[in-house]
Amino acid sequence: MGLLSDPVRRRALARLVLRLNAPLCVLSYVAGLAWFLALAFPPLTQRTYMSENAMGSTMVEEQFVGGDRARGFARDFAAHRRKSGALPVAWLQRAMRSVGLEVYTQSFSRKLPFPDETHERYMVSGTNVYGILRAPRAASTESLVLTVPCGSDSTNSQAVGLLLALAAHFRGQIYWAKDIIFLVTEHDLLGTEAWLEAYHDVNVTGMQSSPLQGRAGAIQAAVALELSSDVVTSLDVTVEGLNGQLPNLDLLNLFQTFCQKGGLLCTLQGKLQLQDWTTLDGPLQGLQTLLLMVLRQASGRPHGPHGLFLRYRVEALTLRGINSFRQYKYDLVAVGKALEGMFRKLNHLLERLHQSFFFYLLPALSRFVSIGLYMPAAGFLLLVLGLKALELWMQLHEAGVGPEEAGDAPGPSPPLTSTQGVGLASLVAPLLISQAMGLALYILPVLGQHVATQHFPVAEAEAVVLTLLAIYAAGLALPHNTHRVMSTQAPDRGWMALKLVALIYLALQLGCIALTNFSLGFLLAATMVPAAALTKPSGPRPLYAALLVLTSPAATLLGSLFLWQELQEAPLSLAEGWQLFLVALAQGVLEHHTYGALLFPLLSLGLYPCWLLFWNVLFWK
């Protein structure tokens, strides 16, 4: 305390902080990026292991041999679907009853906030069909779910056939201690969301649906299956859920274990997993897989039906059968045996999966990075904001000291004059208008789509995207002159105080985001922190302006799309990237209103107004 209370020592500390601030900021930022890149290399990446004792062994004998029956179900389902042009509800009911299930249906409807041009739908109505296999060895207190999504543009007939064949096989076994729900949903994720809301008796998205007539126990785990062919060369697993949620790592380990037991080739992010991590090739491919997972998780989209189950504390995965030009082929029997093994081990659970990690990154299926090892990367980046805020606070304090303190004389300092004051009133206008711009960006695109379509020759989805871009661009012109309506005393201290507030605001937002969705928090910090630290009204203003624009939230989204395609080895041209960017904007707004994805409100109500504060600092006069 003596160091801070003694004026001489305090001023010496302030001079030290001011002198070393720039090199410390550079060192901290480089350390954050280097730490992140090192996550794919041992010892930061560790081998996966099973934490749940009830699933620690694969000593179960899979007996599923219903490959021909599954193919027969798939052919009949595809024929009836082509004939009816929609989900063949009546045929599914008959098929499920024929294998001994309790069969129920659920109708639902949803009017989207604006037409979804990607899937060509606006007024959506459909029917979900599900059958329940009651556990013969226990009361209906717990259950497992096997679900197959059926969209209007998807070919998932083989998955439906395998689901029905597995239901018939499971019906003949007596060891089940949990109910098993076999669910076929219409309209992909919309049907899944409607069924989950009705099952848990909630309505969080405005879905209109009929109540469920049949229920099982509390859902412990779920597996979503997507197959487009009778044979597969690999099974690709998807873990990223709504708003970056991830399933318990033990469920992923269980999938990998049974794939290895059955000789199935399993992939993550569509990438084969190298076993040799002693050479440089393994970590480099692991880094590529890690970056793909980070970009997927940062989007906040539910990348499969499992992503909606995670909201309800149900551990879930989506498995996709890939039929490529690889040499080895596997039929539906091999896939069915892997699913049978997984459900038999999940049947042994005495409590929910909880012993393994819920926060992790995956450079490979056999390796993971825990939260304690990847959080320092974000911490180093956020430290830059803290150092710059400390520097500004020191400069504000030094500029406002009284004459006695400046002369190192004892006694209290006289009150600051008006010219020495920070002028907090001058900060009110930029703060309020920046937040108002963010609120307009969040509300007006959907609210004003019909007005835009009446005055301009555009469709509703195009109107939403164009309104988004117009408001976003208008924010560059409006706020940076707002401080002039207030007091202009001590202008230097005014922009310093505004930047101090903006730095603290940005650090709090990025810190909270990184705790729940590390990938999103890290990407935003890696792009926004340098511009936030460098921005000031003096110096090369055009360079600072270009840097701010290139690191804005919209530019970060555009750059992430190009990076994603590069990592997928499918690079885009500028025109293709721009079109994909416009589609991503529309889908982001739509998924927020349809499923509750939080990326759009986070950017519009939080980070965009904060970014406008730095834009205001740059043009402060």
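Residues numbered from 1 in each chain as written. Predicted model: local features only at pLDDT ≥ 70, side-chain atom pairs only at ≥ 80, totals over all residues. Heavy atoms only, no water.

Asks: Mind showing me how you'd approach the sheet that holds strand β3 (residues 121-133) here?
Replies: Pairing between sheet strands relies on hydrogen bonds along the backbone, with the strands arranged either parallel or antiparallel. Reading across from one edge, β6-β2-β3-β5-β4-β7-β10-β8-β9 is the order of the nine strands in this open sheet, with mixed pairing throughout. Of all strands in the sheet, those bounded by a partner on one side alone are β6 (208-209) and β9 (266-268). Summarising the sheet, strand β4 (residues 142-150) and strand β5 (residues 179-186) pair through eight bridges and their orientation is parallel. By the bridge assignment for β5, Ser143 is matched with Asp179. Of the strands in this sheet, β4, β5, β7 (218-226), β8 (234-238) and β10 (315-322) are in contact with helix α10 (residues 332-346), which crosses β7 at around 170 degrees. (Pairing = 2+ DSSP bridges. Helix = DSSP H or I, 4+ residues; strand = E, 2+ residues; numbered from the N terminus. Contact = heavy atoms within 4.5 Å. Axes fitted to C-alpha atoms, helices over the stretch in contact; angles between N-to-C directions.)

Asks: Where do I start with helix α4 (residues 89-98) in this structure?
Replies: At 3.6 residues per turn, the α-helix brings residues three or four places apart onto the same side. Listed in full, the buried residues belonging to α4 are Val89, Trp91, Leu92, Gln93, Ala95 and Met96. Contacts made by the buried residues of α4 are with α3 (67-84), β2 (102-116), β3, α5 (157-171) and β5. At the C-terminal side of α4, Gly100 shows a positive phi close to 95 degrees. (Buried < 20%, exposed > 50% of the residue type's maximum accessible area, 1.4 Å probe, protein only.)

Asks: What exactly am I supposed to notice about the packing of aromatic side chains here?
Replies: Evaluated as defined, the whole model comprises 21 aromatic pairs. Here the aromatic residues Phe170, Tyr175, Trp176, Phe182 and Phe343 are joined through ring pairs into a cluster of three or more. Over the ring of Tyr199 we find Arg215; its NZ or CZ atom is 5.9 Å from the centre of that ring. For Arg344, the ring lying beneath its charged end belongs to Tyr175, and the centroid distance is 4.2 Å. (Phe/Tyr/Trp six-rings, centres within 6.5 Å; stacked < 30°, edge-to-face > 60°. Lys NZ or Arg CZ within 6 Å of the ring centre and 35° of its normal.)

Asks: I tried to follow the pattern of salt bridges on my own but got confused; where do I start?
Replies: Two side chains bearing opposite charge may form a pair once their charged atoms approach each other closely. Here the structure, examined in full by the defined rule, presents 12 salt bridges. For Arg121, the salt bridge identified is with Asp116, shortest N-O distance 3.6 Å. Assessed through its relative accessible area of 15%, Arg121 is described here as buried. A residue is classified by how much of its surface remains accessible, and Asp116, at 3% relative accessible area, is buried. Lys178 serves as the salt-bridge partner of Glu142, at 3.3 Å between the closest nitrogen and oxygen. Within this pair, whereas Glu142 is found in strand β4, its partner Lys178 is found in the loop between α5 and β5, the two being separated by 36 residues in sequence. For Lys178, a relative accessible area of 2% gives the class buried. (Salt bridge = Lys/Arg side-chain N within 4 Å of Asp/Glu carboxyl O.)

Asks: Any chance you could explain a nonpolar patch on the surface here in plain terms?
Replies: On the surface, Leu439, Ile443, Leu444, Leu447 and Leu605 cluster together to form a nonpolar patch covering roughly 430 Å² of accessible area. With four residues, the top contributor of residues to the nonpolar patch is helix α13 (residues 425-447). Among the structural elements, Leu439 can be located in helix α13. Residue Leu439 is classed as partly exposed on the basis of its relative accessible area of 44%. (Patch = residues over 30% accessible without salt bridge, like charges linked within 9 Å, V, L, I, M, F, W, Y side chains within 5 Å. Areas by Shrake-Rupley, 256 points an atom, 1.4 Å probe, with all protein chains shown as cover.)

Asks: Teacher, can you tell me more about the environment of Ala70 here?
Replies: Counting through the fold element by element, Ala70 comes out in helix α3. Looking at Ala70, the relative accessible area reads 0%, which means it is buried. The spatial distance from the C-alpha of Ala70 to the C-alpha of Asp179 is 22 Å, given a sequence separation of 109 residues.

Asks: What should I look at first to understand the nonpolar core in this one?
Replies: The tendency in soluble globular proteins is for nonpolar side chains to be buried side by side. With 184 residues, the main nonpolar core has Leu162 and Trp195 as its most contacted residues. A total of 12 residues in this core trace back to one element, the largest contributor, which is helix α17 (residues 518-534). Excluding anything up to four places from it in sequence, Trp195 contacts Gln106, Asn128, Tyr130, Val145, Ile181, Leu183, Leu212, Ile219 and Phe309. (Core = buried A, V, L, I, M, F, W, Y, C linked by side-chain atoms within 4.5 Å.)

Asks: I keep staring at the UniProt feature "transmembrane region" (unreviewed entry) in the protein chain and nothing clicks. Help me out?
Replies: Those places that UniProt annotates as "transmembrane region" (unreviewed entry) correspond, in this numbering, to residues 20-41, 357-385, 422-444, 456-478, 498-531, 543-564, 570-590 and 597-618. Helix makes up 97% of residues 498-531 and strand makes up 0%, while its end C-alpha atoms are separated by 15 Å. This span, residues 543-564, is 91% helix and 0% strand, and a straight line between its end C-alpha atoms measures 27 Å. (UniProt positions renumbered as here; feature names shortened; annotations may be inferred.)

Asks: Explain the sheet that holds strand β1 (residues 46-47) to me, please; I cannot follow it from the model alone.
Replies: Read across the open sheet, the three strands follow the order β1-β12-β11; overall the sheet is antiparallel. Pairing within the sheet leaves two strands with one partner each, and these edge strands are β1 and β11 (360-364).

Asks: For this particular structure, what's the right way to read the packing of α5 against α10?
Replies: Helix packing for two helices is described by the angle between their axes and how far apart those axes are. The contact between α5 and α10 brings their axes to 11 Å, and the two run at 55 degrees. Considering their axes alone, α5 and α10 lie oblique with respect to each other. In this structure, α5 crosses over α10, and the sense of that crossing is right-handed. Residue-level inspection shows Leu162, Leu166, His169 and Phe170 of α5 in contact with α10, the latter providing Leu332, Val335, Gly336, Leu339, Glu340 and Phe343. Considered class by class, the residues forming the contact of α5 with α10 number seven nonpolar, two polar and one charged. (Parallel < 35°, antiparallel > 145°, perpendicular 65-115°, else oblique. Left-handed = near helix turned anticlockwise from the far one by under 90°. Nonpolar A, V, L, I, M, F, W, Y, C, P; charged D, E, K, R; others polar.)

Asks: What is the right way to look at the side chain of Gln449 in this model?
Replies: Positionally, Gln449 belongs in helix α14 (residues 449-455). A distance of 2.6 Å separates a polar side-chain atom of Gln449 from the backbone oxygen of Pro113. Within the structure, Gln449 has its side chain in polar contact with the backbone oxygen of Val446 (distance 3.2 Å). Those residues in contact with Gln449, other than ones at most four positions away along the chain, are Pro113, Phe114, Leu444, Glu460, Ala463 and Val464. (Polar contact = N/O pair within 3.5 Å; in protein donor to acceptor, adjacent residues only side chain to side chain.)

Asks: I tried to follow helix α21 (residues 599-618) on my own but got confused; where do I start?
Replies: For α21, built from 20 residues, the straight-helix expectation of 28 Å at 1.5 Å per residue is met to within 8% by its first-to-last C-alpha distance of 27 Å. A maximum bend of about 35 degrees is found in α21 at Leu607, where proline Pro609 lies one to four positions downstream. (Expected span 1.5 Å × (residues − 1). Bend = angle between axes of the 7 residues up to and from the residue.)

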